[in-house]
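The chain contents come next:
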Amino acid sequence: MQWNYEQPVAIRFGEGRVSEIGEIAGSLGVGDGVVVADRFFDEGGVTDAMIAGSDGALVASFSDFSPNPDVTEVDACAALLRRVHAGFVVALGGGSAMDVAKAAASICLTDEPIAAYHGTGRTMPTKHLPIIAVPTTAGTGSEVTCVAVLSDRAQGKKAPIVSDGFFPTCAIVDPEMTYSVPPHTTASTGMDVLSQAIEGYWSKGHQPICDACAVHAARLVFEYLPRAVADGRNDHEARSKMCEASVIAGLAFTLPKTTSSHACSFPLTNLLGIPHGEACGLTLDWFTRINADAQGGRVQRFASLLGFADADAMADAIAELKRTIGLRTGLRDLALNDRQIADLVRISRHPNLYNNPVDITDEMLETMYRHLARAD
Ligand code: NAD
């Protein structure tokens, strides 16, 4: 077996470390920074306070984007970066803020729209403004990945762009930034962490360093996610452990890539509006059973390293976790019709599906979606 490992993002982890942005900008020798901030922080005054406290390193902010950000929102952000001659970008928010910031920090150095690269197969130029990523959900792991997931609502598509230029220069993982995340978002983003860890492990592109990260991250999610959902405002240990799980799960999947559950999450979010992590988790136990005996018993070993009797018991635990934290285990309330199920099957045939260790046929997808359509 041959494998490579690279991880170009400097990680600073710990409570209160968001205050180090000015120092990092100074050490990079950059100024005129723009904060690409989730609206929650803009409306709460956090963004203004960050700019005011930056000793002039930050000069503007951009918050005009939505969850599952659209290509047009990236272009608007890039226009601001060009207008103020930005020298670096701070991404403050969940995956949506970080992905807007990553794409805008590259495309602003060109005169093209991001749509020229989104789903077109064209390689992004790797030149980019330095990015300091401050994740506020735990989370997507986007702070350590070279991926930006964008939607093109006019074209009805959601797809990742991969570019080495998307790696942030530095990730500040400050658990305090996640204390305010509401329970359902905590549950959904935490399920994204578990999906990334498990899919990174069983991906055809698996490799030993990422395997070790996957086991560590998944173990933390099973232990701490229910606590973070139950009392995320006060249970700081649970928040901190979920932040640790999130950044380490990011390391677990960024090289191997995600697989079947992420492929299926795209139409579940696009067509049915299910939040990203919840959409990933919806199919995770199903694919755990399908992949149970793949790769000469690796998935069984993963389950046993996490303390489960076997992969089926891990699938049962995933289903139980979803129930405990209030996530969907079925789609019955949406009363899906045959056309919607056919669309889900068709759009699930995303490149990530081909990283799955077992070949997934349209018949398998249809069986799964029909099962979910009947389940509560
Ligand atoms: P998000 O960034 O869309 O945020 C979800 C909600 O939480 C928003 O309403 C936001 O306002 C709110 N929020 C965020 N932080 C908060 C805080 N601290 N307190 C209160 N509210 C807060 O959610 P996400 O799950 O982090 O990101 C999802 C996006 O990331 C999707 O588009 C997904 O496809 C993408 N993604 C990217 C990668 C990658 O590597 N680039 C990986 C996985 C997912």
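The text that follows walks through the structure, step by step, so that each part is easy to find. (Residues numbered from 1 in each chain as written. Predicted model: local features only at pLDDT ≥ 70, side-chain atom pairs only at ≥ 80, totals over all residues.)

**Describing the nonpolar core**
Here comes step 1: Formed by 117 residues in total, the largest nonpolar core has its most connected members in Val 36, Val 89, Ala 91, Ala 104, Ala 197, Ala 217 and Ala 252.
Here comes step 2: When residues of this core are assigned to domains, at least three fall in each of domain 1 (10-178) and domain 2 (186-374).
Here comes step 3: Once you skip the residues sitting within four places of it in the chain, Ala 104 turns out to touch Val 36, Val 74, Cys 77, Ala 78 and Leu 81. (Core = buried A, V, L, I, M, F, W, Y, C linked by C-beta atoms within 7 Å. Buried ≥ 20, exposed ≤ 12 C-beta atoms within 10 Å, placed from the backbone. Domains from an automatic or database assignment. Contact = placed C-beta atoms within 7 Å.)

**Some points on the pairing of strand β7 (residues 157-162)**
Here comes step 1: Summarising the sheet, strand β6 (residues 147-152) and β7 pair through six bridges and their orientation is antiparallel. From the neighbouring strand, Ser 151 faces β7, where its bridge partner is Lys 158.
Here comes step 2: Between β6 and β7, which pair antiparallel one after the other, the connecting turn spans four residues, and Gly 156 there sits at a positive phi close to 65°. (Pairing = 2+ DSSP bridges. Helix = DSSP H or I, 4+ residues; strand = E, 2+ residues; numbered from the N terminus.)

**Quick notes on the site of the ligand**
Here comes step 1: For the ligand, the set of nearby residues contains 30 residues, the closest of which are Pro 67, Gly 94, Gly 95, Ser 96 and Thr 140.
Here comes step 2: Looking at the shell around the ligand, the elements that each hand over two or more residues are α2 (39-43), α5 (95-107), β6, α6 (183-202) and α10 (276-291).
Here comes step 3: Considering each element in turn, the shell around the ligand owes the most residues, four residues, to α5.
Here comes step 4: Looking at the shell around the ligand residue by residue, the classes come out as eight nonpolar, 18 polar and four charged.
Here comes step 5: Summarising the domain contributions, the shell around the ligand has at least three residues from each of domain 1 (10-178) and domain 2 (186-374). (Near = placed C-beta within 6 Å. Nonpolar A, V, L, I, M, F, W, Y, C, P; charged D, E, K, R; others polar.)

**What to know about the packing of α6 against α10**
Describing two packed helices takes the angle between their axes plus the distance from one axis to the other.
Here comes step 1: Between α6 and α10, whose axes approach to 8 Å, the crossing angle comes to 35°. Taken as a pair, α6 and α10 cross one another with a handedness that is left-handed. Mapping the contact onto sequence places Ser 188, Thr 189, Gly 190, Met 191, Asp 192, Leu 194, Ser 195, Ile 198 and Trp 202 in α6 and His 276, Gly 277, Glu 278, Cys 280, Gly 281, Leu 284 and Asn 291 in α10.
Here comes step 2: Here the contact of α6 with α10 is composed, by residue class, of six nonpolar, eight polar and two charged. (Axes fitted to C-alpha atoms, helices over the stretch in contact; angles between N-to-C directions. Left-handed = near helix turned anticlockwise from the far one by under 90°.)

**A word on unusual backbone geometry**
Here comes step 1: Phi at Gln 295 takes a positive value of approximately 55°, unusual for a residue other than glycine.
Here comes step 2: One can find Gln 295 in the loop between α10 and α11 (298-305).
Here comes step 3: Classification of Gln 295 by C-beta neighbours within 10 Å gives partly exposed; the count is 17.
Here comes step 4: Of note, Ala 335 is a non-glycine position whose phi angle comes to about 45°, a positive value.
Here comes step 5: Relative to the helices and strands, Ala 335 is located in the loop between α12 (311-324) and α13 (338-348).
Here comes step 6: The class for Ala 335 is exposed, based on 8 C-beta atoms found within 10 Å.

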